[in-house]
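Below are the chains, spelled out letter by letter.
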Amino acid sequence: MPCLPLPSEVDAFLRRPNPAVVASLRPDGSPHTAATWYLWEGERLLLNMDESRLRLRFMRRDPRVALTALGEASWYRHVSLLGRVAAIVEDKNLEDIDRLATHYTGEPFSHRDRRRFSAWVEVDGWHAWEGAAPWPR
């Protein structure tokens, strides 16, 4: 599995507001997956969660995570990132969730009555596919 830096096509793909799924590990080692927003910052990934989310609890216990971003036009193009949560910090002013919401919807996040936490993920490896072959070719 390749390490960073990413090829420019993959980096550009991840900077778009793609549908994505994040995987964390339950205490018994089985995977827990959830649809998510993300922001790719070139070397690390930003995720943000309401304080009640199971994945937040799972990430605090075991920092290993994976994220798969799916191409908006075709899910046959996707990029998967494997890494670990390097930091979890409270998003006290909701600045991180506002960045994510604006990236995906064009508007600040509308639900402002719950505590939120940001997870910063350091990427250890990646792979990308388009159709039945690795991408980019």
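Located above this text is the structure these notes cover.
Trainee: Explain the overall build of the chain to me, and be specific about the residues and the numbers.
Mentor: Looking only at helices and strands, the chain has three helices and eight strands in total. Over its C-alpha trace the chain gives a radius of gyration of 15 Å, about what one expects of a compact globule, namely 14 Å for 137 residues. With the C-alpha coordinates aligned to their principal axes, the bounding extent of the chain is approximately 45 × 40 × 25 Å. The burial tally for the chain puts 44% of its 137 residues in the buried class. When contacts within the chain are restricted to residue pairs at least 6 apart in sequence, long-range pairs at least 24 apart make up 69% of them.

Trainee: With reference to specific residues and values, describe the pairing of strand S5 (residues 64-70).
Mentor: Strand direction decides the pairing type here: strand S1 (residues 20-25) and S5, joined by four bridges, are antiparallel. In the strand pairing of S5, Ala 20 is matched with Ala 69. In textbook terms, the turn of a hairpin is the stretch between consecutive antiparallel strands, and for S5 and strand S6 (residues 77-90) this stretch comprises six residues.

Trainee: Requested: an account of the pairing of S1, with residues and values cited.
Mentor: Here S1 runs beside strand S2 (residues 31-36); their pairing, made up of six bridges, is antiparallel. Residue Leu 25 lies in a different strand from S2, and its bridge partner there is Pro 31. Hairpin connection from S1 to S2: five residues lie between these consecutive antiparallel strands, with Gly 29 at a positive phi of about 90 degrees.

Trainee: Tell me what's going on with the pattern of salt bridges, and back it up with residues and numbers.
Mentor: All chains considered together, the criterion is met by 13 salt bridges. Here Arg 99 ties to Glu 41 by a salt bridge, and the two come within 2.4 Å at their closest N and O atoms. Within this pair, whereas Arg 99 is found in helix H3 (residues 95-105), its partner Glu 41 is found in the loop between strand S3 (39-40) and strand S4 (44-50), the two being separated by 58 residues in sequence. Taking the relative accessible area as the measure of exposure, Arg 99 reaches 36% and is therefore partly exposed. For the salt bridge of Arg 115 with Glu 51, the shortest nitrogen-to-oxygen distance reads 3.7 Å. Within this pair, whereas Arg 115 is found in the loop between H3 and strand S7 (116-130), its partner Glu 51 is found in the loop between S4 and helix H2 (54-61), the two being separated by 64 residues in sequence. On the accessibility criterion, Glu 51 (34% relative accessible area) is partly exposed. Each member of the salt-bridge network shares a partner with another, and the members are Asp 50, Glu 51, Glu 90, Arg 114 and Arg 115.

Trainee: Explain the nonpolar core to me, using residue names and the numbers behind them.
Mentor: Side chains of nonpolar character tend, in soluble globular proteins, to be buried together. Ranked by size, the top nonpolar core spans 27 residues in total, and within it Leu 14, Tyr 38, Leu 47, Leu 67 and Leu 81 carry the most contacts. Secondary-structure elements contributing two or more residues to this core are helix H1 (8-14), S1, S4, H2, S5, S6 and S7. The biggest single contributor to this core is S7, with six residues. Leu 46, Leu 94, Ile 97 and Ala 101 belong to the second-largest nonpolar core, a separate cluster that totals eight residues.

Trainee: Please set out the packing of aromatic side chains residue by residue, giving values where relevant.
Mentor: This structure, assessed with the given rule, holds four aromatic pairs. Plain terms: the ring middles of Phe 13 and Trp 135 are 5.7 Å apart, the flat faces sit at 70 degrees to each other, and that makes the pair edge-to-face. Residue Phe 13 is found in helix H1, and its partner Trp 135 is found in the segment after strand S8 (133-134); the two are separated by 122 residues along the sequence. Exposure class is identical for Phe 13 and Trp 135. Each is buried. The interplanar angle of 70 degrees and the centroid separation of 6.4 Å between the aromatic rings of Tyr 38 and Tyr 104 together place this pair among those described as edge-to-face.

Conventions and cut-offs
- Sequence order as written defines the numbering, with residues in each chain counted from 1.
- Restriction of local features to residues with pLDDT of at least 70 applies here, the model being predicted, together with a cutoff of 80 or more for giving and counting side-chain atom pairs; totals for whole chains, interfaces and linings are based on all residues.
- Where side-chain values are given, they derive from all heavy atoms of the structure, hydrogens and water being excluded.
- In this text, helices come from DSSP runs of H or I with a minimum length of four residues, and strands from runs of E with a minimum of two, each type numbered from the N-terminal end.
- This radius of gyration counts C-alpha atoms alone. The globule rule is 2.2 Å times how many residues there are, raised to the power 0.38.
- Only protein chains enter the accessibility calculation, which uses a 1.4 Å probe. A residue is then buried if its area is under 20% of the maximum for its type, exposed if over 50%, and partly exposed in between.
- Working rule for contacts: check all heavy atoms of both residues, and any pair within 4.5 Å makes them a contact.
- Two strands qualify as a pair provided that DSSP identifies no fewer than 2 bridges between them.
- Put simply, a salt bridge is a Lys or Arg side-chain nitrogen that is within 4 Å of an Asp or Glu carboxyl oxygen.
- By convention a nonpolar core is built from buried Ala, Val, Leu, Ile, Met, Phe, Trp, Tyr and Cys residues, the set being connected through side-chain atoms within 4.5 Å.
- Stacked, tilted and edge-to-face are the three classes applied to pairs of Phe, Tyr and Trp rings, where Trp contributes its six-membered ring and a pair requires centres within 6.5 Å; stacked means planes under 30 degrees apart, edge-to-face means over 60, and tilted covers the rest.

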